[in-house]
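Residue-level listing of the chains:
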Amino acid sequence: IGLNSGPMKVGFTGSKQKLQYTVIGDEVNLGSRLEGANKFFGSKIMASEATYIGAKDAVEARELGRVRVVGKAVPIRVYELLAAKGKLSDDWKKALPLYESGLEHYKKRDFGQAITAFQEVSKILPEDGPTDFYLNAAKDFSAIPPDQDWDGVINLTAK
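Report follows, based on the coordinates. (Residues numbered from 1 in each chain as written. Predicted model: local features only at pLDDT ≥ 70, side-chain atom pairs only at ≥ 80, totals over all residues. Heavy atoms only, no water.)

## Digging into the pattern of salt bridges
Under the criterion given, the structure shown has six salt bridges. Glu-80 is paired through a salt bridge with Arg-62; the nearest N and O atoms lie 2.7 Å apart. Placement of the pair is Glu-80 in strand 6 (residues 76–84) and Arg-62 in strand 5 (residues 59–68), with a sequence separation of 18 residues. Exposure class is identical for Glu-80 and Arg-62. Each is buried. When the shortest N-O distance is used, the salt bridge between Asp-128 and Arg-62 registers 2.6 Å. Placement of Asp-128 in the loop between helix 4 (111–124) and helix 5 (129–143) and of Arg-62 in strand 5 is noted, with a sequence separation of 66 residues between them. A single salt-bridge network, built from bridges that share partners, covers Glu-63, Arg-77, Glu-104 and Lys-107. (Salt bridge = Lys/Arg side-chain N within 4 Å of Asp/Glu carboxyl O. Helix = DSSP H or I, 4+ residues; strand = E, 2+ residues; numbered from the N terminus. Buried < 20%, exposed > 50% of the residue type's maximum accessible area, 1.4 Å probe, protein only.)

Here you go:
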């Protein structure tokens, strides 16, 4: 699932012979791109920052990072929705702070500490896609560091 919020056109389109109810607009397209981006991260429900800000009092979520989707020049921050507010499982209550620590270390290019944090998350949630993604990326970057101008943005090349 990909979720995004913003202005869009909603209503009927077409002619009397072929009338269709639809939704169109740039924000709709971004939601569709986020749906596809779940495959990249191994996540299930991805929300744009705009959607997360509107829902943050009702949901538990984790940041997945900043992404640049196909057709967009400006990266956006995205989140994975995990549970209703206050309804995280015991495993997630243990794993989420470790994941957040790993992500912060990753962003600061402290890949060794990121690896340690993500390995701890993997012990609690062994099949977590985003943890696997960042654990592998941190291992790769610890072996071959990214360029000096690396900003942590993930460029998605497929819809």
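After presenting the structure, the write-up continues.
## Topic: the environment of Leu-135
Position of Leu-135 relative to the elements: it lies in helix 5. Leu-135 gets classed as buried once you look at its relative accessible area, which sits at 10%. Residues Leu-135 and Gly-11, spaced 124 residues apart in sequence, show a C-alpha to C-alpha distance of 44 Å. Filtering out sequence-adjacent residues up to four positions away, Leu-135 remains in contact with Ile-115, Phe-118, Gln-119 and Ser-122. (Contact = heavy atoms within 4.5 Å.)

## Description of the nonpolar core
Counting residues in hydrophobic clusters, the biggest one holds 30 residues, and the most contacted among them are Phe-41, Tyr-106 and Tyr-134. When residues of this core are traced back to their parent elements, those giving at least two are helix 1 (26–41), strand 5, helix 3 (90–107), helix 4 and helix 5. Top contributing element to this core by residue count: helix 3, with six residues. With residues near it in sequence (within four places) discarded, Tyr-134 still touches Phe-41, Leu-64, Gly-65, Tyr-99, Leu-103, Tyr-106, Phe-118 and Ile-154. (Core = buried A, V, L, I, M, F, W, Y, C linked by side-chain atoms within 4.5 Å.)

## Overview of the packing of aromatic side chains
Counted by the stated rule, this structure contains 17 aromatic pairs. Between Tyr-52 and Tyr-79 the ring centres are 4.2 Å apart and the planes differ by 20°, which places this aromatic pair in the stacked class. Taken together, the residues Tyr-52 in helix 2 (residues 49–55) and Tyr-79 in strand 6 connect sequence positions 27 residues apart. Each member of the pair, Tyr-52 as well as Tyr-79, carries the same accessibility label: buried. A ring pair is formed by Tyr-106 and Phe-141, whose centres lie 6.2 Å apart and whose planes are at 40°; its orientation type is tilted. With Tyr-106 in helix 3 and Phe-141 in helix 5, this pair connects stretches of sequence that are 35 residues apart. Tyr-106 gets classed as buried once you look at its relative accessible area, which sits at 6%. Taken together, the aromatic side chains of Phe-40, Phe-41, Tyr-99, Tyr-106, Phe-111, Phe-118, Phe-133, Tyr-134, Phe-141 and Trp-150 make up a single cluster linked through ring pairs. (Phe/Tyr/Trp six-rings, centres within 6.5 Å; stacked < 30°, edge-to-face > 60°.)

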